[in-house]
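# Coordinates in review
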Amino acid sequence: MEAALIIFALMVLFAFLGLGAYVTVKVVKATKRGVDRTITQARRTVEDTTLRAKSFGQVGVTGALAQLRLDLRTSMRSTQQALHEGVRLDASLRESIALFERLSAHGHELDDELKRLEQDPDRTRIAERMPDLRERTAKITQAADSLRWAARDRASRFAEDDLSALSAQIEMESGALRDWSRESVDHLAAAAAEWDAAQQAQDPQPAQQQREQPQKAALNPAAPAPEYPWQKTRRPESTT
């Protein structure tokens, strides 16, 4: 018996230790993801700020490359955010997200190429490639913008349809309330008379007693007047 209790206690202890280790691992992973997300966002913010400064502060090939990268990153990030927010309410956007992921592969490839060209000292060759780089950037950003605005238009249309249906229901309810408030006095009087008739039908005995009391008083003979000893004897009427 004691051995069984010891084994049971050890099993409970190991279970608690395993649960504690599992919770610790989950917390560490969640913390790591949060730190990585924060670092990534900070890095993106710094890089975007740098690109914006280059696009405004430098001319020529360097400023043009920075502007292309900034346009590409802004468009792709906005589309990604719009699609992932919209899919929470509209599951049909999953197919759009799959298309965007394929488009993102081309976007990352172009962004990496533009980033490498920023460090290339041969500005003449880069200038020759600028028309092709602008065309590729325009294709990707236009496709991303098309997905983003289509998702937003779809969400707006759903919101408008829901608002129209809600407005129609409110108008019907308002009409019903106005019809009730315009109920005429005749209808109210009829309802009161009907209620009184129902009450009389439920308790007819008091009204019947009130109708029978005068009849009983009329049919019964009047009680004789009381005679007192000091009164004179009434003389009989003469028959002559």
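How each quantity is defined
- Residues numbered from 1 in each chain as written.
- Predicted model: local features only at pLDDT ≥ 70, side-chain atom pairs only at ≥ 80, totals over all residues.
- Heavy atoms only, no water.
- Helix = DSSP H or I, 4+ residues; strand = E, 2+ residues; numbered from the N terminus.
- Buried < 20%, exposed > 50% of the residue type's maximum accessible area, 1.4 Å probe, protein only.
- Contact = heavy atoms within 4.5 Å.
- Areas by Shrake-Rupley, 256 points an atom, 1.4 Å probe, with all protein chains shown as cover.
- Salt bridge = Lys/Arg side-chain N within 4 Å of Asp/Glu carboxyl O.
- Axes fitted to C-alpha atoms, helices over the stretch in contact; angles between N-to-C directions.
- Parallel < 35°, antiparallel > 145°, perpendicular 65-115°, else oblique.
- Left-handed = near helix turned anticlockwise from the far one by under 90°.
- Nonpolar A, V, L, I, M, F, W, Y, C, P; charged D, E, K, R; others polar.
- Core = buried A, V, L, I, M, F, W, Y, C linked by side-chain atoms within 4.5 Å.
- Phe/Tyr/Trp six-rings, centres within 6.5 Å; stacked < 30°, edge-to-face > 60°.
- Lys NZ or Arg CZ within 6 Å of the ring centre and 35° of its normal.
- Expected span 1.5 Å × (residues − 1).
- pLDDT = per-residue confidence, 0-100.
- Patch = residues over 30% accessible without salt bridge, like charges linked within 9 Å, V, L, I, M, F, W, Y side chains within 5 Å.

### Quick look at the overall build of the protein
Along the backbone of the protein there are six helices and zero strands. Along its sequence from the N terminus, the protein presents helices and strands in the succession α-α-α-α-α-α. A burial count over the protein gives 19% of its 240 residues as buried. For the protein, long-range pairs separated by at least 24 residues make up 66% of all intrachain contacts whose partners lie at least 6 apart in sequence. Summed over its atoms, the accessible surface of the protein is roughly 19,500 Å², and 58% of this surface lies on carbon and sulfur atoms.

### Focus: the pattern of salt bridges
Enumeration according to the criterion identifies 10 salt bridges in this entry. Between Asp111 and Arg73 there is a salt bridge, with the nearest N and O atoms lying 3.6 Å from each other. Here the residue Asp111 occupies a position in helix H3 (residues 94-118), and Arg73 occupies one in helix H2 (residues 61-86), the gap between them amounting to 38 residues. Summarising the burial analysis for this pair, Asp111 and Arg73 share the class buried. Among the salt bridges present, the one from Arg129 reaches Glu113, with a minimum N-O distance of 2.2 Å. Residue Arg129 is located in helix H4 (residues 123-181), and its partner Glu113 is located in helix H3; the two are separated by 16 residues in the primary sequence. Judged by relative accessible area, Glu113 falls into the buried class, the value being 12%. Several salt bridges share partner residues, and in doing so they unite Arg69, Arg73, Asp111 and Glu118 into one network.

### Points about the environment of Gln119
Structurally, the position occupied by Gln119 is in the loop between H3 and H4. The class for Gln119 is exposed, based on a relative accessible area of 63%. Sequence spacing of Gln119 and Thr62 is 57 residues, and the spatial spacing of their C-alpha atoms is 9.1 Å.

### Description of the packing of H2 against H3
Direction vectors running N to C along H2 and H3 enclose 160°, while the axes themselves pass 10 Å from each other. Judged by the angle between their axes, H2 and H3 are roughly antiparallel. Read as a crossing pair, H2 and H3 show a hand that is left-handed. From H2, Leu65, Ala66, Leu68, Arg69, Leu72, Arg73, Met76, Thr79, Gln80, Leu83 and His84 reach across to H3, where they touch Ser96, Ile97, Phe100, Leu103, Ser104, Gly107, Leu110, Asp111, Leu114, Lys115, Leu117 and Glu118. Of the residues contributing to the contact of H2 with H3, the split by class is 12 nonpolar, six polar and five charged.

### Focus: the nonpolar core
If you look at the biggest cluster of nonpolar residues, it comprises 22 residues, and the most contacted ones within it are Leu65, Met76, Met130 and Leu133. At the level of elements, H2, H3 and H4 are the ones that each hand at least two residues to this core.

### Looking at the packing of aromatic side chains
A complete count under the given rule lists zero aromatic pairs for this structure. Here the basic side chain of Arg152 rests over the ring of Trp149, its NZ or CZ set 5.1 Å away from the ring centre.

### Observations regarding H3
In this model H3 runs 35 Å from its N-terminal to its C-terminal C-alpha over 25 residues, within 8% of the 36 Å that 1.5 Å per residue would give. Looking only at H3, the buried set comprises Ser96, Ile97, Phe100, Leu103, Ser104, Gly107, Leu110, Asp111, Glu113, Leu114, Leu117 and Glu118.

### Digging into the confidence of the model for the protein
Across the protein, the average pLDDT comes to 75, with 60% of residues at or above 70. For the protein, per-element mean pLDDT is lowest for helix H6 (residues 205-219), which scores 52, and highest for H3, which scores 92.

### Let's talk about a nonpolar patch on the surface
Residues Leu163, Leu166 and Ile170 make up a contiguous nonpolar surface patch of roughly 280 Å² in combined accessible area. Relative to the helices and strands, Leu163 resides in helix H4. With a relative accessible area of 54%, Leu163 lands in the exposed category.

### Considerations on the side chain of Arg69
Inspection of the secondary structure assignment puts Arg69 in helix H2. Since its relative accessible area comes to 2%, Arg69 is described here as buried.

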